[in-house]
Amino acid sequence: MNAVIENILARRSYRALADKKIEKADLELIAKAGQYAPSAMNRQTFQITVVTNEEVIKKLYTAIPKYMEGIDASKYNFYGSKHLMIVSDLASSEIGQMDCACVAENIFLAAESLGIGSVWVNQLRNTSDGEEVRAAMTEAGIPADHRAWVICALGYPVEKITHKEKTAKIHFCE
Ligand SMILES: Cc1cc2nc3c(=O)[nH]c(=O)nc-3n(C[C@H](O)[C@H](O)[C@H](O)COP(=O)(O)O)c2cc1C
């Protein structure tokens, strides 16, 4: 098996993150991997917003539960991540969600290759229009005409996950 395939198979979502900073050079590399994702008709209208400002991160995780039901606001903090990559695209783009998913997977895989854990945090996609959420997004530098589809929460894993079988069907019609 080559190193790329090994990396894909090793990636897991991490929700227990160590209190250790990711170097900016690594964040730049991971974001670059996201930037090189495919996009429909190569439009590249998405933006990757790297948020390490702890005040802005707190504003985001404090605001989001105000616009959603069923979230325990007292526990909601993006798993304590101090490094977010928010992937957004034009709200008017029908295909933005798919482009952003490709970007996010590139981010997750690049992080894995550097020994950095990641997890998809989904709640911004339905709360981007909440006034307080939007204010925090604007402070982060996300364009006003963008909808945020994915928060990639990054951090060093407390412990490497090596289990979790994958069971989705693979079917060959030959
Ligand atoms: C569209 C999508 C939305 C997700 N939303 C969340 C989320 O809001 N919070 C979370 O902890 N994980 C979220 N995940 C991560 C999944 O729970 C995770 O990928 C799945 O359990 C498989 O585990 P693995 O990533 O370790 O292979 C999401 C994943 C996807 C693809």
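Residues numbered from 1 in each chain as written. Predicted model: local features only at pLDDT ≥ 70, side-chain atom pairs only at ≥ 80, totals over all residues. Heavy atoms only, no water.

### Topic: the overall build of the protein chain
Where we set the bar: Segments assigned H or I by DSSP are reported as helices when at least four residues long, segments assigned E as strands when at least two residues long, and all are numbered from the N terminus. Using C-alpha atoms as the atom set, the radius of gyration is obtained and then compared with a globule rule of 2.2 Å times the number of residues to the power 0.38. Whether a residue is buried, partly exposed or exposed follows from its accessible area with a 1.4 Å probe, protein chains only, as a fraction of its type maximum: under 20%, in between, or over 50%, in that order. Note on contacts: a residue pair is in contact if any heavy atoms of the two residues lie within 4.5 Å. Computed with a 1.4 Å probe, the accessible areas rest on the Shrake-Rupley method; for each residue, only the protein chains presented here act as cover.
Along its length, the protein chain carries five helices and four strands. The N-to-C order of helical and strand elements in the protein chain reads α-α-β-α-β-α-β-α-β. Computed over the C-alpha atoms, the radius of gyration of the protein chain is 16 Å, within 12% of the 16 Å expected from 2.2 N^0.38 for a compact globule of 174 residues. A buried classification covers 40% of the 174 residues belonging to the protein chain. Put simply, of all contacts in the protein chain between residues at least 6 apart along the chain, 82% involve residues at least 24 apart. Carbon and sulfur atoms make up 52% of the accessible area of the protein chain, which totals about 10300 Å².

### Focus on the packing of aromatic side chains
Our working rule: Any pair of Phe, Tyr and Trp rings, taking the six-membered ring for Trp, is counted once the centres come within 6.5 Å. Such a pair is stacked with planes under 30 degrees apart, edge-to-face with planes over 60 apart, and tilted for the rest.
Going through the model one piece at a time under the given rule, you end up with three aromatic pairs. Ring geometry for Tyr-76 versus Phe-78: centroids 5.4 Å apart, planes at 75°, classification edge-to-face. A centroid spacing of 6.4 Å and a plane angle of 45° characterise the contact between Phe-108 and Trp-120, whose relative ring orientation is tilted. Taken together, the positions of Phe-108 in helix H4 (residues 96–113) and Trp-120 in strand E3 (residues 117–121) put the pair 12 residues apart, joining distant regions of the chain.

### Points about the site of the ligand
Inclusion rule: A molecule or strand has a residue near it when one of that residue's heavy atoms lies within 4 Å. Under the rule applied, a polar contact is a pair of N or O atoms within 3.5 Å (in protein, one hydrogen donor and one hydrogen acceptor; residues adjacent in sequence only if both atoms are side-chain atoms). All amino acids are sorted into three groups, where Ala, Val, Leu, Ile, Met, Phe, Trp, Tyr, Cys and Pro are nonpolar, Asp, Glu, Lys and Arg are charged, and the leftover types, Gly among them, are polar.
The immediate surroundings of the ligand are formed by Arg-11, Arg-12, Ser-13, Arg-15, Tyr-79, Val-119, Trp-120, Val-121, Asn-122, Gln-123, Lys-164 and Lys-166. Between the ligand and Arg-11 there is a distance of 2.9 Å, counted from an oxygen atom to a side-chain nitrogen or oxygen. The separation between an oxygen atom of the ligand and a polar side-chain atom of Arg-15 is 2.8 Å. Expressed as a share of its isolated accessible area of 630 Å², the protein-covered part of the ligand is 64%. Here the shell around the ligand is built from residues that sort into four nonpolar, three polar and five charged.

### Notes on the side chain of Arg-134
With respect to the helices and strands, Arg-134 occurs in helix H5 (residues 131–140). Accessibility expressed as a relative area gives 17% for Arg-134, which makes it buried. Looking at Arg-134, its side chain comes within polar contact range of the main-chain oxygen of His-146, at 2.9 Å. Setting aside residues no more than four positions away along its own chain, Arg-134 makes contact with Ser-128, Asp-129, Pro-143, Ala-144 and His-146.

### Quick word on the environment of Ala-153
Its location among the elements puts Ala-153 in strand E4 (residues 146–155). Given a relative accessible area of 0%, Ala-153 falls into the buried group. Remark: the alpha-carbon pair of Ala-153 and Met-98, spanning 55 residues in sequence, is separated by 19 Å. When residues no more than four places from it in sequence are discounted, the contact partners of Ala-153 are Phe-78, Ser-81, His-83, Leu-84, Gly-117, Ser-118, Val-119 and Val-121.

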